[in-house]
Amino acid sequence: MSTILFELGCEELPPKSLKPLRDALQASVTEQLNEADITFDSIKAFAAPRRLAIQIQGISDKQPDRSEQKRGPAIKAAFDSDGNPTRAAMGFAKGLGIEASELITINTDKGDYVGYEQVIHGQATTELLPAIFQTALDNLPIAKRMRSGASRNEFVRPVQWAVLMQDSTVIDAIIQGHQTGTQTRGHRFHSPDYHTIAHANDYEQLLDGLKVVADFDKRQMLIKNQVKALADEVNADAIVPQDLLDEVTALVDFPIALRANFEARFLQVPQEALISTMQADQKYFCLTDKAGKLQPYFIFITNIESKDPNQIIEGNEKVVRPRLADAEFFFLQDQKQPLFALTESLKTRVFQDKLGTIWEKSERIAKLAAFIATLMQQQGRDINVDETVRAAILSKADLASSLVGEYPELQGIAGTYYARLNGEPEAVAASLEEQYLPKFSGDVLPKTPIGICLALADRLDTLVGIFAIDQAPTGSKDPFSLRRSAIGILRILIEKQLPINLVALVEQAIKGYSTSDGSKIAKMGDTFTQVMAFLNSRYRAMYTEQGVSVDTIQAVQAINPHMPLDFDQRIRAVQSFSKVSQASMLADSNKRVANILAKSEVSVADNVDEALLSEPAEQELYQAVQQAQKAVKPLLETADYTQVLQTLVSLDAPLTQFFADVMVNSEDAALKNNRLALLKQVRALFLTVADISELQL
């Protein structure tokens, strides 16, 4: 057992790719070692700006020997009547490089054959490793590879050196065009020269002394701890997005956090703009107070242990000032006119060639949002329809602002700031930011009633319009993010407890495209059908992500509820029902009932003639059905689907007995039709919630 060390030294690797490259390298090497049957105790990957490395401890010296059995011709064909080997046997032996006398008999289920069992000696690990590491490098997820100088070897960045060692000995190989050795390099500025690695186990400790923290996770933890300490000194919280943290970790070998300041006057600018420019352009960590308000500080990570950190701090303060000043300029420039004035330029900005301008979209959103607001009012929600229309008209105004032009991610956010500065009602102002929620899977939903209306109206308008012009998502392509929009619609209606029918919303959205000059939608019926089918298809994606089984989703989809909140309540009821002991039997019985009814050659009556119930089992089932119908009626009125299914569990025993004792397809047509009518009522009871026959229990 020994330790293997592999290191590839490069020019600075792309920071956003460093962590994925590390993980992919380790995964590939691990997979290849397992395939080669080479055992090891542990494997660890290292990644720093100028290196990728793998350290494998407790690795076996060679592959284990293995026996391999070669099977030849059948015994009858291998030997003649005198027991002498035939040409077939001799040819088989010659192919293996042995004498025919060395052949053995192999017994199988299909007869006896001649054969030979040979021992294949495992290769030495050191012989296999160069190819393993080169293969791993070749398979790394690199979007665009490059060549260095005259070399024909390609990699994400020019390679400078390669290390491949077993304990203290070099494993001789050429990797990425470089001869392997024992020399590595330290920090580009603090320890730029080559240094010899005495033993593979010394790698991490040696680099620590050369101002390189090679362990990516360890380096990241150092950054997090330093940032927190500096933030605590000014009683603030640091904003540390994981993507930014990963990128900063990939930019430095030896992280040192420093805190700097910026002028407090910039805090009048929307803090989202300041945070955006400091994070995206400068890779800074911003600080807020405990209430989330931006403070005039930022923390940055330097890769140099400076004797005079103040010079570095002053340099960063000098660099960030113009960027904050730009944001301030755009913010002040926009305030020279009210937010509503910006809507004028939307009349010439195209939303989509076939669907008109952004202004026309705003008008459609206003009509649809007002419709939704009216529905919410009827349900007892506190919402002002006039304010909803005002918010919709202003909803896209900030797209014409200078601030959003420079920082597109501030759409909606900028509108909220400008609306408040213009004295718009708070309900209107707050909704402008909320219209874009949720932005991604698992994101927060709009909180205000008007924000909910805008978020629904905007998504429905886009969904209907894009389907109307035959630009529906295909395969993995979804340029308008319609799948995400559809799930956003469903989530809002469900999680905000809004009993609103999708049919009404889609129909109203389609009407919004009608003008005095006609409709922009040529085939309204087809568009309606396609949009409804698309929305219904999103249930599966949404619920499977929550861990709901596919058969549960299919059971509810089978009855096609049009109200997302109602759909969700049915899903929860079926989930609860699936846990009861009788669920499996009832699911099977429902399948049987469905099959029997489907095969009926005559129209099955809705009512049962009690006088024709001759068998005790069918009489008992009829009574159970009558009781269940009375019990579930008030439960259905309150949409208590969970209790409905719990009530229908009582049908398990009489339904099972019915199938055991009663012949449904009686020769007496009257009896047969009456029994089918009884089963139809059983089926109808379960279909009030879901198609239980779809369950795979």
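Residues numbered from 1 in each chain as written. Predicted model: local features only at pLDDT ≥ 70, side-chain atom pairs only at ≥ 80, totals over all residues. Heavy atoms only, no water.

Visitor: Help me understand helix α14 (residues 426-434), please; the structure alone is not making it clear to me.
Guide: An α-helical segment advances 3.6 residues per turn. Residues three or four places apart therefore align on the same side. Of the residues making up α14, those classed as buried are Val428, Ala429, Ala430, Ser431, Leu432 and Glu434. Tucked into the core, α14 has its buried residues touching α11 (385-394), α13 (413-421) and α15 (449-468). (Buried < 20%, exposed > 50% of the residue type's maximum accessible area, 1.4 Å probe, protein only. Helix = DSSP H or I, 4+ residues; strand = E, 2+ residues; numbered from the N terminus. Contact = heavy atoms within 4.5 Å.)

Visitor: Can you help me understand the sheet that holds strand β4 (residues 66-74) in this one?
Guide: Within a beta sheet, neighbouring strands are joined by backbone hydrogen bonds and run either parallel or antiparallel to one another. Across the sheet, three strands lie side by side as β4-β6-β5; this open sheet has antiparallel pairing. Looking at the sheet topology across the chains shown, the edges are occupied by β4 and β5 (104-108). Each strand of the sheet is rotated relative to its neighbour by a mean of 45°, with strand direction disregarded. Direction of pairing for β5 relative to strand β6 (residues 111-120): antiparallel, over a ladder of five bridges. In the sheet register, isoleucine 104 faces β6, and the bridge partner there is glycine 115. This element, helix α3 (residues 87-96), spans β4 and β6 of the sheet and lies at about 155° to β4. (Pairing = 2+ DSSP bridges. Axes fitted to C-alpha atoms, helices over the stretch in contact; angles between N-to-C directions.)

Visitor: So what exactly am I meant to see when it comes to the sheet that holds strand β18 (residues 294-302) here?
Guide: Strand order in this open sheet of four strands is β15-β17-β18-β16, and the pairing throughout is antiparallel. The strands lining the two open edges of the sheet, one partner per strand, are β15 (237-238) and β16 (256-261). Bridge count between strand β17 (residues 285-288) and β18: three bridges; the pairing is antiparallel. Bridging from a neighbouring strand, cysteine 286 pairs with phenylalanine 298 of β18. In the packing of helix α8 (residues 271-280) onto the sheet, contacts are made with β17 and β18, and the angle to β18 comes to roughly 5°.

Visitor: Which parts of the structure should I look at to understand unusual backbone geometry?
Guide: Backbone phi values are negative for most residues with the exception of glycine, while trans is the configuration of most peptide bonds. Between leucine 437 and proline 438 the backbone carries a cis peptide bond, its omega angle lying at -5°. If you trace the backbone, proline 438 turns up in the loop between α14 and α15. With a phi close to 60°, lysine 283 is a non-glycine residue in the positive phi region. By the secondary structure assignment, lysine 283 is in the loop between α8 and β17. Lysine 283 sits in the partly exposed class, given a relative accessible area of 21%.

Visitor: Sorry, what's going on with the packing of aromatic side chains here?
Guide: Each aromatic ring pair is characterised by the separation of its centres together with the angle its planes make. All told, the structure shown has 13 aromatic pairs when counted by the stated rule. Between phenylalanine 6 and phenylalanine 133 the ring centres are 4.4 Å apart and the planes differ by 15°, which places this aromatic pair in the stacked class. With a gap of 127 residues between them, phenylalanine 6 in strand β1 (residues 2-10) and phenylalanine 133 in helix α4 (residues 125-138) connect regions that are remote in the sequence. Using a relative accessible area of 0% as the deciding quantity, one classes phenylalanine 6 as buried. In this structure phenylalanine 133 comes out as buried when scored by relative accessible area, which is 0%. Aromatic side chains tyrosine 284 and phenylalanine 300 sit 6.0 Å apart centroid to centroid with 50° between the ring planes, which places their arrangement in the tilted category. Of this pair, tyrosine 284 sits in the loop between α8 and β17 while phenylalanine 300 sits in strand β18, and the two are 16 residues apart along the sequence. (Phe/Tyr/Trp six-rings, centres within 6.5 Å; stacked < 30°, edge-to-face > 60°.)

Visitor: Where do I start with the environment of aspartate 609 in this structure?
Guide: The topology assignment puts aspartate 609 in the loop between α21 (583-598) and α22 (616-637). With 68 residues separating them in the primary sequence, aspartate 609 and alanine 677 have C-alpha atoms 8.8 Å apart.

Visitor: When you look at the pairing of β17 in this model, what are you seeing that I'm missing?
Guide: Burial along β17 is two-sided: the face carrying Phe285 and Leu287 and the face carrying Cys286 and Thr288 are both buried. Judged from the two bridges that link them, β15 and β17 form a sheet pairing that is antiparallel. Each residue of the ladder has a partner; that of aspartate 237, found in β17, is threonine 288. If you look at the hairpin formed by β17 and β18, you'll find five residues sitting between the two strands, and glycine 292 has a positive phi there, around 90°.

Visitor: I'm lost on the packing of helix α1 (residues 18-35) against α4 in this one. Help?
Guide: A pair of packed helices is characterised by two quantities: the angle between their axes and the separation of those axes. Following both chains from N to C, one finds α1 and α4 inclined at 140°, their axes separated by 9 Å at the closest point. For the element pair α1 / α4, the angle class is oblique. Considering only the axes of α1 and α4, their crossing is right-handed. Across the interface between the two elements, Leu25, Ser28, Val29, Gln32 and Leu33 from α1 touch Leu129, Ala131, Ile132, Phe133, Thr135, Ala136 and Leu137 from α4. Partitioned by chemical class, the residues of the contact of α1 with α4 number nine nonpolar, three polar and no charged. (Parallel < 35°, antiparallel > 145°, perpendicular 65-115°, else oblique. Left-handed = near helix turned anticlockwise from the far one by under 90°. Nonpolar A, V, L, I, M, F, W, Y, C, P; charged D, E, K, R; others polar.)

Visitor: What is the right way to read the pairing of β18 from this model?
Guide: Walk down a regular strand and you will see the side chains alternate between the two sheet faces. Counting buried residues in β18 gives seven out of nine residues, a clear majority hidden from the surface. Note: β16 against β18, six bridges, orientation antiparallel. Note on β18: the bridge partner recorded for alanine 257 is isoleucine 301.

Visitor: Before we go on, may I ask you to explain the pattern of salt bridges in this structure?
Guide: Where charged atoms from two side chains of opposite charge approach closely, those side chains can pair. In the structure shown here, the tally under the stated rule is 33 salt bridges. Residue glutamate 12 pairs with arginine 188 through a salt bridge whose shortest N-O separation is 2.8 Å. Here the residue glutamate 12 occupies a position in the loop between β1 and α1, and arginine 188 occupies one in the loop between β13 (183-185) and β14 (194-196), the gap between them amounting to 176 residues. Residue classification places glutamate 12 among the partly exposed positions, given a relative accessible area of 35%. The salt bridge involving glutamate 305 is made with lysine 211; its shortest N-O contact spans 2.8 Å. Here glutamate 305 is found in the loop between β18 and α9 (309-334), whereas its partner lysine 211 is found in the loop between α5 (203-209) and α6 (216-233), with 94 residues between them in sequence. Under the relative-accessibility criterion, lysine 211 is labelled partly exposed at 24%. (Salt bridge = Lys/Arg side-chain N within 4 Å of Asp/Glu carboxyl O.)

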